[in-house]
Structures are given as C-alpha cells and as structure tokens.
Amino acid sequence: MDEAVRISQLRAELHQHNCRYYVLSQPTISDFEFDALLRELQELEARHPELFDPNSPTQRVGSDLNHEFTQVAHVRPMLSLSNTYNKEEVAEFYRRVEEGLQGQPFQICCEMKFDGLSISLHYEHGQLVRAVTRGDGTVGDDVTDNIRTIRSIPLRLPDDAGYPDEFEIRGEVLMPWESFERLNAERESREEALFANPRNAASGTLKSKNSATVASRGLDAYLYYLLGEGISGRGHYENLQQAAQWGFKIGPQMRLVGSLAEIYDYIDYWDEERRHLPVATDGIVLKVNSLTQQQSLGLTAKSPRWAIAYKFQAEQQETILREVTFQVGRTGAVTPVANMDPITLAGTVVRRATLNNEDFIRSFDLHIGDRVQVIKGGEIIPKIVGVNLEARDETLGPCVEFVKCCPECGAQLVRYEGEAAHYCPNELACPPQIKGKIEHFISRKAMNIDSLGPETIDDYFRRGLVRDVADLYDIRVAQIAGANRTRELSARKIVQGIADSVKVPFERVLFALGIRFVGEVAAKALARSFKNIDALAAATLDDLLQINGIGVVIAQSLLRWFADAQNRWLIERLKMAGLQFALSEEELASHSDRLAGQSIVISGVFEQHSRDEYKALIERHGGKNVGSISAKTSFILAGANMGPSKLEKAQKLGIRILTEQDFLAMIE
Ligand code: IVH
C-alpha cells in the first residue's frame, strides 16, 4: 500500500481509538495494540517529513523545544459568570430570568462548574487550528502546542459528522486529582514547591513553555460552550450533545430542568456527590437553555444575564486541636499555627491550620483539646472557623496563650499600634528573619540569583558563611565546594550567579533590600525619583511624600530603615561589592515625566510593541497603567479589536482614544 495512504489511515484510526479511550472510556483495543499502531505511524512519518501534520496523533507527546506564547485577540470576548453563594441568590436569578422572559416558559441547563482554567478551541474543517487561554477576556495566549498534548481534546473530528466549517468551543482544562497527587508527590521527593490545588497545577502546566512537560502531566478537559455561525441546535444542551457526537468530552452531569425546585435538588445532590468525581469542581453553573432566550436576556459588561454560578461552600470538618506552635516569617511577623489530628479536606490530608493572630485565638477562647472546625478554601492554608463548645468536657486542656517571646531567638515580641500581628523586633539576629531576607534578596523579581535556593541559604547560614545579604558577595568557591572539592562545578556556578547579579538595575536592588512595605512598584517609583541611593537616604518625610504612590506608611518605614547605622553599613558593603545604587545613563535618558499623573488603559492587540512593552513605556514616562475605564482615565491606548464594551464606555465618558502611533509620538 502507498505509504501516504497508510499514514492517513493510521491517523484516522488512532484518532478514533484516542476518543474511545480518553473521551468515552470505552477502548476497543489493548494499550499494546494502540502503541504498535502509533509506532508504525511514527516510523512512516519519519520517512515522510513532507506529510507533517501538527494534528497527527503522534504529536500528543509534545516537544522539548521552548517557545514563547503569542497573544491572540478573542474573536468573541470571553466573559465570566456572576457568582452566588446561597439558594436565595439562585432564586433571585430565577426570578430575574422569569421577568426578563416575560412569562415565556424556559428551561435551565444545570452543569458542574469545573475548577481549572478556561480555554477557547477553534476548529476549521474539522481540524484543531488554535487554542487560546482566557487571558484578560479580550486577549489570551496561544497555547495550541500544549493543548495538542491533552488526549481528550480531539485534534481532528471524524469526517462528515455535520459540524460547521468553522466553530469555537470553550471549556475548562483540568488536572484530575490522580495526576495532581502524583505530580505533587514527585515534586515533594525533589524538594520542589508543591502546587496548592489542581487549578494552580493545571494553569502552571498549561503555561509551560515546553509541551513535552505538558504531555507528561496528565491534563484533561471538559467542554461547556459551543459558539459560531452555522451551529444548528436551538439550545445549549442540544449543542453540547452534538459536540459530544463529534468527539468532545462533555460533563456527563449536565441536566435540563424546568423549575427552581429541580435546581435545588441538583445542587444538593452534587454538593455531596462531587467528592467522587475525578476532577475538582467548585460549584454549579445554571444556564438558560434556549439560545433565542439567551439573546433576549443579553449581557452585562462582565457576564451574561442568562447564566450564573452557584459556588459550593468550602468543605468543613471537625478535628481535635493538639498544640499551637508559632512561626516567624521574613518580616518578623509571628503566626500561630494549629496542629491537629489529621483530617481529609478537599482531597488532601490536613494537619495544620492558621490561627492568624492573638485576637483570632481570643475570639474562640481556644483551648488545647478543643474540637475545632476547619475549612479549606481555594488556597493552600486551611483555616479554623469555629469551635464546638458543646463537645468540651473535663479532658479539655489549657487555654491557648500567645507567646511573649520569639520562639526562634527569644527576643520579646512587640505589637505595633493598629496592627493585629506580633513582631519579633530582632531583625538583624533572628534566624528566620535573616534567612527570609536573604531568600527575598535572591528571588526572581529581586536579584534573581537562581543558582541559590532556600536549602542552600539554610546550609550557609548554619555554617556561619552568611549572616546578611552582603556576605553572599564574599563567598569563595573553596568554601562551598565540599570536602575534596566534589561539588566544585556547582560551587563555581553559584559564585558566578552571585557575581552576575551586580548588574541588576538599581530599582530591583532597592526592592531586594526588603525594606518593610517597599514592594516592586514603590521601589521603582523611588529609584526613578531619587535616581541614586544617597539622595534617597537623605530624603525627608516631605520629600518622600511628594512621590506618586508613596504614602506615610512607606515613607516612615524608609526613614526608620535609613536611620539605622547597620543598614547604612550594609549599603556601603554592597556598594563595594559593585551593586547598582544609581540609575544607569541609559535609564536616565529613557525616562521622562511626560505621562506624570496620567491613568492609562491599554486595550486591544498591537503591532509595534507588545502589551507588556507598552506597560513598561507608560511607567518609564511617569504614567500609570490601569485595568478598567473610569471617569479618571486620562486616555486609552487602543490597538486592533478593542473590546466593544470598553469602546462604548470610553465614548460615554468622552475619553480620548489613542492609536499606538499617536502614543509613540506623544512620548517621543
Ligand atoms: S460557562 C458566558 N460553564 O467558570 C459563559 N463556565 O466564572 C461562560 N467554568 O471562566 C462560562 N465550569 O472558566 C461555564 N460548566 C461551565 C463551567 C464554567 C467552569 C468556569 C469558566 C469561566 C468561569 C466563570
């Protein structure tokens, strides 16, 4: 047989098996047979590079080549849903729909709200041509290569299945619990930071620049919205049933209902039953089914009036409080931590929960041995939300007291006026504060010394090699290469990484110093206004308050920091090490005050510079980039395909719209 014909035959066959396995869960051949067919195709494709097809089943393994994502404007903006948290709000939604439809009968499609990240898939002539993340709803990242590795997303639809030549289908990319747990277990064994939840893991994975990594992570996808001209169904439900026929994976929990009572039943059922689903869900989505009715209900600026999300309450469990320990962070803030009997919450085992601060502990009159109620919301740190007072008996232990002294260095704790937290004031000698400051100093947005990590810092600290950030620049290869210089290579890399950091620009050095309340944005503003550290160190409260974005809290913190002789000595030592403590000539030349005091909204897609470059240009000329249009907006920097709602709002408020050319001329 002609090899070209065999290639196309194998591709079609493998696409089908893929769908049977990953979408329908009904494989008809063994894994072994599947692999044999795939290998045959791989060999044939290797012999025929001219027949390359990015949608071939062989492309699911991804590639090791790194790539940047290009930004793409959405053909139709990707709206989000408004949220409700209780049944009364659901009833209000139902009533609004009834009113909006003026008594017409209607049906509601109930479905799961999948907790991943949304994706828009474009098909032309049955082939996947583009996959774009939601981004800001107007523009997203083109992640097609990564999406191709997700086995449940069809790359090629079966011929003649009746789909339109062009359509878009949206859905959620998810990391199933099983893949999530496997991934975190692997990361733990490599001492890498864990993902807080499957959503973060899915989004981190999909943004990976290496599609082979994506392929290895076991992502999945459920589709929930079909759009485009030539879609024949009259209702959302029918459309998705159609899409299922074409090979898309649709949430099998979808139901059509005709009353509020049925919606409540659906909610109650799935609030419990969702624990058994293979993927994370965080609510229920309710959608008016008829497309005509959807149209007549219309949209608000952010979300459709024909749909709403009902969010599940975070899962709650009761367990016993055994001990309270205290953790000291980089800033010296002391956080009380509850250590409890293990419970399973939202799929993970929980033993510790934050108790926030002293007032929080007092508000519960917390005792060791108490039965406490714990929830885990979207974030990694679980929270105590209540105490079961009725369960108290004579076995109850002592009342929980907040420590008076730092558990790490013994210094007496202080509580600043108006703040709920306790602090260890021993900034310069308390180990977690020192280590925390060094970790902050080397972090990506600060000095970006990626040859060092928390474990190495901990090791150097214990060995007495580093006591502050300036010590890093004195480290020599011989000190860290190990006995017999077995780690010479990595030691050289570390020392080189530290040496390279002296080129990091002034504004980031200023941020890296870790002065309380001086974040990235404040550091930038300060660097640009004072231009060098000596001018900043000499600034008075009034001088500081002149600067856009610097308020009393930041200003006072700066004054306190520079008043300390040890800090001034630190700066001198860092200067001797060669760090940048002034803006470079180049930076001085490329900055101006031309946009000072102006709030600028960026919208649409640009040709001459990327969005990020425009943001940087605005900042470099003293302007402020803001997200949404208001009466305070000075002007809009608009590229192609500016969102229609933004345009309407700008016109209504009479705000100027500048093209990229106008803008570039303005700052020239
Ligand atoms: S429909 C215009 N259906 O929830 C309606 N969204 O806050 C578009 N989501 O960005 C969304 N499951 O990422 C829809 N069954 C579902 C969903 C769902 C999860 C996500 C989606 C969206 C967010 C809305």
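That block above? That's the structure.
Everything numeric in this text was worked out from a predicted model, so none of it was measured.

Novice: Describe the site of the ligand, naming the residues involved and giving the relevant values.
Specialist: Lining the immediate surroundings of the ligand are S80, L81, E111, M112, K113, F114, S118, E172, Y224, V285, K287 and P304. The side chain of E172 places a nitrogen or oxygen atom 2.6 Å from an oxygen atom of the ligand. In the complex, 91% of the free accessible area of the ligand, which totals 520 Å², lies under the protein chains. Broken down by secondary-structure element, the contributors of at least two residues to the shell around the ligand are β3 (108–114) and β10 (281–288). Broken down by element, the residue count for the shell around the ligand peaks at four residues, all from β3. Looking at the shell around the ligand, its residues break down into six nonpolar, two polar and four charged.

Novice: Hey, could you go over the sheet that holds strand β19 (residues 624–626) for me, with residue numbers and the actual values?
Specialist: The sheet built from four strands is open, its strands ordered β19-β18-β20-β21 with parallel pairing. Strands with a single pairing partner mark the edges of an open sheet, and in this sheet they are β19 and β21 (656–658). Pairwise comparison of adjacent strand axes, ignoring direction, gives a mean angle of 35 degrees for this sheet. Of the strand pairs in this sheet, strand β20 (residues 635–638) and β21 are connected by three bridges, and their pairing is parallel. Bridge assignment links F635 to a residue of β21, and that residue is R656. Lying on the sheet, helix α23 (residues 611–620) is in contact with β18 (599–603), β19 and β20; it crosses β18 at an angle near 170 degrees. Running at roughly 90 degrees to β21, helix α25 (residues 660–667) makes contact with β20 and β21 of the sheet.

Novice: Can you break down the side chain of T205 residue by residue, with the values?
Specialist: Mapped onto the elements of the fold, T205 is located in helix α6 (residues 198–206). Only 2.6 Å separates the side chain of T205 from the backbone oxygen of A201, close enough to count as a polar contact. For T205, the contacting residues outside a window of four places in its chain are N146, M175, V214, R217 and L219.

Novice: I'd like a description of the pattern of salt bridges, backed by residues and values.
Specialist: Enumeration over the complete set of coordinates arrives at 39 salt bridges. A salt bridge links K87 to D268, with the nearest nitrogen and oxygen atoms 2.8 Å apart. One end of the pair, K87, is in helix α3 (residues 87–100); the other, D268, is in helix α9 (residues 260–273), and 181 residues separate them in sequence. The partly exposed category is assigned to K87, whose relative accessible area is 26%. Residue R415 pairs with D359 through a salt bridge whose shortest N-O separation is 2.9 Å. Here R415, found in the loop between β16 (383–387) and β17 (422–423), pairs with D359, found in helix α11 (residues 358–364); they are 56 residues apart in sequence, far enough to count as distant.

Novice: I'd like a description of the environment of F581, backed by residues and values.
Specialist: Looking at where F581 falls in the secondary structure, it is placed in the loop between α21 (565–576) and α22 (585–590). Here the alpha-carbon distance between F581 and M666, two residues 85 residues apart in the chain, equals 30 Å. Setting aside its immediate chain neighbours within four residues, F581 contacts F506, V509, N532, I533, I571, L574 and K575.

Novice: Explain unusual backbone geometry to me, and be specific about the residues and the numbers.
Specialist: The residue D160 is not glycine, and still its phi comes out positive at about 55 degrees. Turning to its location among the elements, D160 is positioned in the loop between α4 (144–147) and β7 (166–174). Judged by relative accessible area, which is 78%, D160 ranks as exposed. Notably, R485 is not glycine yet its phi reads approximately 55 degrees, a positive angle. Here R485 lies in the loop between α14 (477–480) and α15 (488–500). Residue classification places R485 among the partly exposed positions, given a relative accessible area of 39%.

Novice: Describe empty space enclosed by the protein, naming the residues involved and giving the relevant values.
Specialist: Applying the stated criterion to the full structure yields one cavity of 30 Å³ or more. Taken as a whole, the largest cavity encloses approximately 40 Å³ of empty space. Taken together, E111, M112, F114, L223, Y224, L240, I250, G251, Q253 and M254 make up the full set of residues lining the largest cavity. Taken together, the elements giving at least two residues each to the lining of the largest cavity come down to β3 and β8 (220–227). Among the elements that take part in the lining of the largest cavity, β3 stands out by supplying three residues, more than any other. Per-class residue counts for the lining of the largest cavity are seven nonpolar, two polar and one charged.

Novice: I'd like a rundown of the packing of aromatic side chains, residues and numbers included.
Specialist: Within the structure shown, the criterion is met by 21 aromatic pairs. A centroid spacing of 5.3 Å and a plane angle of 10 degrees characterise the contact between Y123 and F167, whose relative ring orientation is stacked. Linking Y123 in strand β4 (residues 117–124) with F167 in strand β7, this pair joins segments that are 44 residues apart in sequence. The pair Y123 / F167 is uniform in exposure class, with both members buried. Plain terms: the ring middles of W561 and F562 are 5.2 Å apart, the flat faces sit at 80 degrees to each other, and that makes the pair edge-to-face. Cation over ring: K87 sits above Y264, and NZ or CZ is 5.3 Å from the ring centre. Seen from the ring of F461, R467 lies directly overhead, with NZ or CZ sitting 4.2 Å from the centre.

About the criteria used
- Residues numbered from 1 in each chain as written.
- Predicted model: local features only at pLDDT ≥ 70, side-chain atom pairs only at ≥ 80, totals over all residues.
- Heavy atoms only, no water.
- Near = heavy atom within 4 Å.
- Polar contact = N/O pair within 3.5 Å; in protein donor to acceptor, adjacent residues only side chain to side chain.
- Areas by Shrake-Rupley, 256 points an atom, 1.4 Å probe, with all protein chains shown as cover.
- Helix = DSSP H or I, 4+ residues; strand = E, 2+ residues; numbered from the N terminus.
- Nonpolar A, V, L, I, M, F, W, Y, C, P; charged D, E, K, R; others polar.
- Pairing = 2+ DSSP bridges.
- Axes fitted to C-alpha atoms, helices over the stretch in contact; angles between N-to-C directions.
- Contact = heavy atoms within 4.5 Å.
- Salt bridge = Lys/Arg side-chain N within 4 Å of Asp/Glu carboxyl O.
- Buried < 20%, exposed > 50% of the residue type's maximum accessible area, 1.4 Å probe, protein only.
- 1 Å grid on protein atoms, 1.4 Å probe; cavity = no way out; pocket = protein on both sides within 12 Å on 5 of 7 lines; lining within 4 Å.
- Points joined across faces, edges and corners; volume = space filled by probe spheres on them.
- Phe/Tyr/Trp six-rings, centres within 6.5 Å; stacked < 30°, edge-to-face > 60°.
- Lys NZ or Arg CZ within 6 Å of the ring centre and 35° of its normal.

So far we have only geometry, and geometry alone does not tell us how the molecule works.
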